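Structural overview for review
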Amino acid sequence: TQSDHVSRSLAFGFIGHDILAVYYQGKKDGLSRFDAEQLAMKKLSEYFTQNYDPEVLGMVHGLVSRYIENDVLSQMTILEVEEDFFIPVSDQFWYGMRIDLLIKDSYGRVRLIDHKFTYDFYTPDALKQNSQMPKYVAGLRFAGYPVVEAYLNQFRTRFKAHLLGNKEDSDLYNRSPV
């Protein structure tokens, strides 16, 4: 029998991605940081009426709010948000992927950002072994985007929501090249 409850780690990833997508889509559509954040928090409030752990919702709120306060990615040109891409593997098969965020910096460099909600930040060795991002970069290049860099935007979920105020930003999130 299937459980009606989503695991804690799956809930973090699902809700966190959804909230960040709303925020970045709002920025792409021309909203101010404040208005895009308000739209994202409105989306988060919808999860409170569902059967999600309130601690997870509090953590997502705390992490994403702190992240948005210092967000520099939204100052760049946002090209794509939560977009699906497909690469042909053969005449019959395609490799599908959904990217989280594709941006262009002020120098015209295209960068891929993948959000990860994880208990702890990935180690340098784990980052080197990431097999997802090279495939995504290749797929985006195939689709015509000249991606030059890829990053994991990591959100650490190990702390309780009420402890976030005592933590440094660097304890809560970081962006690592892969």
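As a reminder, the structure under discussion sits directly above these lines.
Summarised in this report is the structure supplied together with it.

The rules behind each value
Residues numbered from 1 in each chain as written. Predicted model: local features only at pLDDT ≥ 70, side-chain atom pairs only at ≥ 80, totals over all residues. Heavy atoms only, no water. Pairing = 2+ DSSP bridges. Helix = DSSP H or I, 4+ residues; strand = E, 2+ residues; numbered from the N terminus. Axes fitted to C-alpha atoms, helices over the stretch in contact; angles between N-to-C directions. Contact = heavy atoms within 4.5 Å. Salt bridge = Lys/Arg side-chain N within 4 Å of Asp/Glu carboxyl O. Buried < 20%, exposed > 50% of the residue type's maximum accessible area, 1.4 Å probe, protein only. Lys, Arg positive; Asp, Glu negative; His and termini not counted.

Taken in spatial order, the five strands make up an open sheet running β1-β2-β3-β4-β5, and their pairing is mixed. Of all the strands in the sheet, the pair left with one neighbour each is β1 (77-88) and β5 (173-177). Pairwise comparison of adjacent strand axes, ignoring direction, gives a mean angle of 35 degrees for this sheet. Relative to strand β4 (residues 147-156), strand β3 (residues 110-118) runs parallel, the two being bridged by nine bridges. Paired with D114 across the bridge in β4 is L152. Running at roughly 135 degrees to β4, helix α3 (residues 54-69) makes contact with β4 and β5 of the sheet. Along the sheet, helix α5 (residues 132-142) makes contact with β1, β2 (94-104), β3 and β4, crossing β2 at roughly 85 degrees.

It is worth spelling out the pattern of salt bridges at this point. Here the idea is simple: oppositely charged side chains can pair when their charged atoms come close. Evaluated as defined, the whole model comprises 11 salt bridges. With a closest N to O distance of 3.3 Å, K43 and E46 form a salt bridge. In this pair, K43 and E46 are both assigned in helix α2 (residues 33-47), three residues apart and thus about one turn of the helix distant. On the basis of relative accessible area, K43 is assigned to the partly exposed category, the value being 25%. The salt bridge partner of R111 is E149, with a shortest N-O separation of 2.9 Å.

On to the side chain of K27. Relative to the helices and strands, K27 resides in helix α1 (residues 8-28). For the buried K27, no salt bridge is present, and the opposite-charge side chain at shortest range is D71, 7.0 Å distant. Beyond its immediate sequence surroundings of up to four residues, K27 is in contact with S32, R33, A36, S74 and I78.

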